[in-house]
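Coordinate inspection notes
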Amino acid sequence: MRLPLATYRLQFTPEFRFVDAREVVSYLRDLGITDLYASPVFHARPGSLHGYDVVDPGRLNPELGTSDEFESVVTAVHRHGMGWIQDIVPNHMAYDGRNRLLMDVLENGRGSPYCDYFDIDWNHPYESIRGRVLAPFLGDFYGTSLEKGEITLRYAENGLTVNYYALTLPLHIESYATVLGNGLGALRRKLGPRHPDLIKYLGVLYVLKNLPPREENAERTDQIAFIKAMLWELYSTNETIREAIDANVSRFNGVRGDPASFNALDQLLGEQLYRLSFWKVAAEELNYRRFFNINELISLRVEEEKVFRQTHALIFKLVGAGRWTGLRVDHIDGLYDPSSYLNKLRQELGDRYLTVEKILDLDETLPAEWPVEGTTGYDFLNYLNGIFCARDNERRMTQIYQRFTGLEASCNDIAIEKKRLIIGKYMAGDVDGLAHLLKRISSRDRHAADVTLYGLRRALVEALTFFPVYRSYVNQEFFSREDRARLEETIRRAKESNPGLMLELNFIQRFLLLDGGEPGDGEKRDWTHFIMRFQQLTGPLMAKGFEDTTLYVYNRLLSLNEVGGNPAKFGISVDEFHRFNVKRIGRWPHSMNATATHDTKRGEDARARLNVLSELPEQWERSVRAWSRLNRAKKTALRGREVPDRNDEYFLYQTLAGTFPVTGDLDDSYRERLKAYVTKAVREAKVHTEWLKPDLAYEEAFTRFIERSLEPVEGNRFLVELATFVQTIAFHGMLNSLSQALVKAAAPGVPDFYQGTELWDLSFVDPDNRRAVDFRRRRELLDAIKHREQADRTEFLQELLRDWPDGRIKLYVIYKALRFRREHGELFSRGAYVPLRALGAAADHVYAFERRYERSCALVAVPRLTTKISDPQNPHGRWGETILPLASEAPEQWLNVFTGNELRADLGGNGKVLPLAEVFRGFPVALLEAVS
């Protein structure tokens, strides 16, 4: 297997295309990157900035470039000895008129050869969507949208379509006769009864009325193709027929102000195999599975072999041709049976690198049976981030938060509340479908006689709410002890919370635990099917209820509010992180190590800076209270309350502390980005406003508060005090950033760098973190670094420390660490991880480890919790007599990769030791190479 040593995530967009990527390959190689890690490049909706809204997985996205341009960047990657890891999207496609597979389903229903490609419940209990697919895309109620003339019928080369702004849906083929059959008498008079075009037109109508049944797919498909081709030929060559078709189409498009004129279109829409509806309907009535709660992304049934083959054909072609050397699987938890999918994928890939986007709880492990190299690195991110949080100050930070905001609810209590909110407002339709499924499966069970559908719904809400992680992985062959324990704990907590549902929860428990005596094979299969459907719902609920809501409400320390993290756990001890790495190297040594992705809640360096607040609780509280007094008059009174409220205000001050330019120089771009971010944050929190029902007055009052607070006028004391405070913490945030960059580069796993983060990354959540990257500037800085370190390294390192706000110091650390990693590939891909523990007064302020393989050895030491040991005048730290004991077999001679300094281990009562004052002499982080 070709194992990557360091990956770099590139976000392809219409503004950053294949030709642009080709130009940065040499820079990435010089930086030390071994593998390009690409966002989805399949044909997506026009203008897609992320590529996950795929309309055709069998084509490359034309907005990214031609096939030749794609080949040119692949060639450049391989010419530089690099690999290409491709992000793939097996769970869903875009619900869009350009999705030809889905449009065939909407046109032909169960007669479509693709009718079972998408996760649609054709037998839904609600009559209005039974045998049809909900299309929840209207911006208003259906009747209102219809009578406004926003829904129209059109004809073009691809046939008759129903249109709503940019949305285009096909007309059911049997409905063509309804549209085209009017006005035949007039057409005969104009053309004459024997006109060959009239005869052809009548022939089309005849074929329409005598189409084969849907079961006879091949013949039916041929006849539909004939109908469309003949109609277009007649329309485009015969003006009289064109006028007749246009008139027939126009007859269905009513006149605004005359409701009765829309009756014909209303009736026609009622014949379609989809039901247009207000987008909010999907929250309560839904018969297709979505990606999370995004109506525009419809899920695939990739567990079906033919779906798997068709949607992965291009992937396997490019992997087989050597274009792609590895895959990253998006949203593995969305699949019906992740384990079976990964096994099939592994059979096709053979010995190629494979990783999955999987969010793990801090005490959760990846299923051991999965044939993958690991995850995309959120687990590593949160463990690494945690060692820079001052755990001893948890109680004080909690008190500060509670005193300022008046909120005393725990993170866990908020999570439970928000998961219930998401179910009620956004996912009631999904739960309703699950309840109906269980009711059908249990219809023959005597214990189900007194369990009502309403009771099942309520009990399922409780079970889903208390499920503790993203999902379990029960399937027809496998039921792990861990999954059983989590399901048992879920039901226990649900019963404690709502004992009035004991009957229903006991009933559900039997199904979730397959505890039904000796059911027949068919019955057991149905029970397992229910569990697997249950599992597909727990992930979206956790994502929306916790990740996209709770993390915007519980604001004690925002650096801990990260994907895969748990804000209730205030930091990670060094020993915990050591244990994590030992475990990781034993089972998942090639898993990705990330510190930023396109989905993280804030830039990696903003997170590093915010961690400093945990070290300075008293100073933080004084500052926040002073800022609040200074800004009190800038608030707006709205419906008897101040805007922003205290919790949102606390969120804002932390956001400013984490992202405010260290120079204090603000520009309009920062203010506008901040306002857009805060608007998104308060909508995600769903306290005063939300995406479903925005409170524009609250949002506007909040953004006015930001404008007034950051107004660059003389006498704005808040700006002055904020800039002063940021100067204090930003230096230590810089040290945290350098530490996390070096640890990521050297710890067990594959370091992954999100685009642009080789310089300071103080971005907000997406889409802010997808902004264009200035690769030319990075190329120039790297070239200058390579030149300067050769001239006078000591002077250059002093300059980097003095001018650290320009970001070159971070680029230098990454460049030196990655180049060293590439030069010692086996040491990092196969080497052991040896925890080191310091002794002395400053022992708690260092994290260190060795990597060993055969005769090669490297040592990493980084500072942490630096406010007590470092300052801008002494960036290397005051280490005193603190030492780093080494094993007896450790080398005595070392070379500092960053400074070029040579070190020799002392021999004393503690055996071989390295004085930390020497380890950090000349530079604040250390990567030491053993010298034989």
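Worth saying up front: this structure is predicted, and the values here are computed from it rather than measured.

1. What to know about the overall build of the protein
The helix and strand inventory of the protein stands at 33 helices and 29 strands. Here the C-alpha radius of gyration of the protein, 31 Å, is about what a compact globule of 932 residues would show, namely 30 Å. In the protein, buried positions account for 61% of the 932 residues. Sequence-distant contacts, at least 24 apart, represent 74% of the contacts inside the protein between residues at least 6 apart. Entry remark: accessible area of the protein is about 35600 Å², with carbon and sulfur atoms responsible for 48%. Of note, the protein has its 124 positive side-chain charges centred 1 Å away from the centre of its 131 negative side-chain charges.

2. Section: the environment of Leu 31
Mapped onto the elements of the fold, Leu 31 is located in helix H1 (residues 18–31). Judged by relative accessible area, which is 0%, Leu 31 ranks as buried. Separated by 114 residues in the primary sequence, Leu 31 and Ser 145 have C-alpha atoms spaced 54 Å apart. Excluding residues within four positions of it along the chain, Leu 31 makes contact with Tyr 8, Glu 758, Leu 782, Leu 811, Ile 814, Tyr 815, Leu 818 and Arg 819.

3. A look at the pattern of salt bridges
For the structure shown, the criterion picks out 74 salt bridges. Among the ionic pairs, Arg 301 bridges to Glu 303, the shortest N-O distance being 3.8 Å. Between Lys 680 and Asp 766 there is a salt bridge, with the nearest N and O atoms lying 3.3 Å from each other. Separated by 86 residues along the polypeptide, Lys 680 in helix H26 (residues 668–685) and Asp 766 in the loop between strand S20 (750–754) and helix H29 (775–791) bring together distant segments of the chain. Residue Lys 680 is classed as buried on the basis of its relative accessible area of 16%. Within the structure, one salt-bridge network assembled from shared partners comprises Arg 788, Glu 799, Arg 802, Asp 803, Asp 806 and Arg 808.

4. Looking at the sheet that holds strand S6 (residues 92–94)
Spatial ordering of the open sheet is given by S6-S13-S12, a layout of three strands whose pairing is antiparallel. Edge strands, defined here as strands with exactly one partner in the open sheet, are S6 and strand S12 (290–291). As paired elements, S6 and strand S13 (residues 294–299) share three bridges and run antiparallel to each other. Considered in S13, the bridge of His 92 is made with Ser 299.

5. Section: the side chain of Glu 850
Relative to the assigned elements, Glu 850 resides in strand S22 (residues 846–853). For Glu 850, a relative accessible area of 0% gives the class buried.

6. Observations regarding the layout of surface pockets
The calculated volume of the largest pocket comes to roughly 1400 Å³. Around the largest pocket, the lining is made up of 49 residues, and of these Phe 291, Phe 292, Ile 294, Lys 544 and Asp 548 lie nearest the centre. Elements represented by at least two residues in the lining of the largest pocket include exactly S12, S13, helix H16 (411–426), helix H21 (521–547) and H26. Here the lining of the largest pocket gets five residues from one element, more than from any other, and that element is H21. Per-class residue counts for the lining of the largest pocket are 22 nonpolar, seven polar and 20 charged.

7. Some remarks on the side chain of Asp 768
Its location among the elements puts Asp 768 in the loop between S20 and H29. The exposure class assigned to Asp 768 is buried, which follows from its relative accessible area of 11%. Among the polar contacts listed, one links the side chain of Asp 768 to the backbone nitrogen of Phe 764, at a separation of 2.8 Å. Residue contacts for Asp 768: discarding those within four places in its chain leaves Arg 673 and Ser 763.

8. Some thoughts on unusual backbone geometry
Look at the link from Val 643 to Pro 644: it is a cis peptide, with omega at 0°. Turning to its location among the elements, Pro 644 is positioned in the loop between strand S19 (641–643) and helix H25 (646–659). With a phi close to 60°, Lys 686 is a non-glycine residue in the positive phi region.

9. Observations concerning helix H24 (residues 617–631)
Between its terminal C-alpha atoms H24 stretches 21 Å, which fits the 21 Å expected from 15 residues at 1.5 Å a residue. Looking at the packing, one finds that the buried side of H24 touches helix H15 (394–405), H25, helix H27 (696–709) and helix H28 (717–746).

10. A look at the sheet that holds strand S25 (residues 893–896)
Strand order in this open sheet of six strands is S21-S22-S23-S29-S25-S26, and the pairing throughout is antiparallel. Both outer strands of the open sheet, strand S21 (832–836) and strand S26 (902–904), are each paired with one neighbouring strand and no more. The mean angle between the axes of side-by-side strands here comes to 25°, regardless of whether they run parallel or antiparallel. Here eight bridges tie S22 to strand S23 (residues 856–863), and the two strands are oriented antiparallel to one another. If you follow Arg 852 over to S23, its bridge partner there is Cys 857.

11. Focus on the pairing of strand S8 (residues 151–156)
For S8 and strand S9 (residues 159–164), the ladder comprises six bridges, and the chain directions are antiparallel. When the sheet's bridge partners are listed, Ile 151 is paired in S9 with Tyr 164. Count of turn residues in the S8/S9 antiparallel hairpin: two residues.

12. As for the packing of H1 against H29
When two helices pack together, their arrangement is given by the angle between the helix axes and by the axis-to-axis distance. One way to put it is that H1 packs onto H29 with a least axis distance of 10 Å and a crossing angle of 40°. On the basis of the axis angle, H1 is oblique to H29. For the element pair H1 and H29, the recorded crossing hand is left-handed. Every residue of H29 that contacts H1 at Val 24, Ser 26, Tyr 27, Asp 30 and Leu 31 is listed here: Phe 775, Arg 778, Arg 779, Leu 782 and Lys 786. Tallied by class, residues from the contact of H1 with H29 come to five nonpolar, one polar and four charged.

13. Considering the packing of H16 against helix H18 (residues 453–466)
For the pair H16 and H18, interaxial distance at closest approach is 9 Å and the crossing angle is 135°. The pairing of H16 with H18 is recorded here as oblique in orientation. At the point where H16 passes H18, the crossing takes the right-handed sense. Across the interface between the two elements, Ile 416, Lys 419, Arg 420 and Ile 423 from H16 touch Val 461, Glu 462, Leu 464, Thr 465 and Phe 466 from H18. Class assignment for the residues of the contact of H16 with H18 results in five nonpolar, one polar and three charged.

14. Points about helix H8 (residues 217–237)
Relative to the 30 Å expected for 21 residues at 1.5 Å per residue, H8 spans 30 Å between its end C-alpha atoms, a close match to the ideal helical length. Burial in H8 covers these residues: Arg 220, Ile 224, Ile 227, Lys 228, Met 230, Leu 231, Leu 234 and Tyr 235. Those residues of H8 that are buried are in contact with helix H3 (100–108), S8, helix H5 (176–180), helix H7 (196–209) and helix H9 (239–252).

15. Regarding the environment of Arg 256
Along the chain, Arg 256 falls in the loop between H9 and helix H10 (263–270). Along the chain, Arg 256 and Lys 148 lie 108 residues apart, while their C-alpha atoms are 5.6 Å from each other. The contact partners of Arg 256, leaving out residues within four places of it in the chain, are Glu 147, Lys 148 and Phe 262.

16. Details of the packing of aromatic side chains
This model, assessed by the stated rule, comprises 57 aromatic pairs. With a centroid separation of 6.3 Å and an interplanar angle of 90°, the aromatic rings of Phe 70 and Trp 324 are classed as edge-to-face. Here Phe 70, found in helix H2 (residues 67–79), pairs with Trp 324, found in the loop between helix H12 (313–320) and strand S14 (326–329); they are 254 residues apart in sequence, far enough to count as distant. Exposure class is identical for Phe 70 and Trp 324. Each is buried. Taken together, a centroid distance of 4.9 Å and an interplanar angle of 20° make the contact between Trp 879 and Phe 920 stacked. You can see Trp 879 sitting in the loop between S23 and strand S24 (883–885) and its partner Phe 920 sitting in the loop between helix H33 (916–919) and strand S29 (926–930), a full 41 residues away along the chain.

Conventions and cut-offs
Residues numbered from 1 in each chain as written. Predicted model: local features only at pLDDT ≥ 70, side-chain atom pairs only at ≥ 80, totals over all residues. Heavy atoms only, no water. Helix = DSSP H or I, 4+ residues; strand = E, 2+ residues; numbered from the N terminus. Rg over C-alpha atoms; globule rule 2.2 N^0.38 Å. Buried < 20%, exposed > 50% of the residue type's maximum accessible area, 1.4 Å probe, protein only. Contact = heavy atoms within 4.5 Å. Areas by Shrake-Rupley, 256 points an atom, 1.4 Å probe, with all protein chains shown as cover. Lys, Arg positive; Asp, Glu negative; His and termini not counted. Charge placed at Lys NZ, Arg CZ, Asp CG, Glu CD. Salt bridge = Lys/Arg side-chain N within 4 Å of Asp/Glu carboxyl O. Pairing = 2+ DSSP bridges. 1 Å grid on protein atoms, 1.4 Å probe; cavity = no way out; pocket = protein on both sides within 12 Å on 5 of 7 lines; lining within 4 Å. Points joined across faces, edges and corners; volume = space filled by probe spheres on them. Nonpolar A, V, L, I, M, F, W, Y, C, P; charged D, E, K, R; others polar. Polar contact = N/O pair within 3.5 Å; in protein donor to acceptor, adjacent residues only side chain to side chain. Expected span 1.5 Å × (residues − 1). Axes fitted to C-alpha atoms, helices over the stretch in contact; angles between N-to-C directions. Parallel < 35°, antiparallel > 145°, perpendicular 65-115°, else oblique. Left-handed = near helix turned anticlockwise from the far one by under 90°. Phe/Tyr/Trp six-rings, centres within 6.5 Å; stacked < 30°, edge-to-face > 60°.

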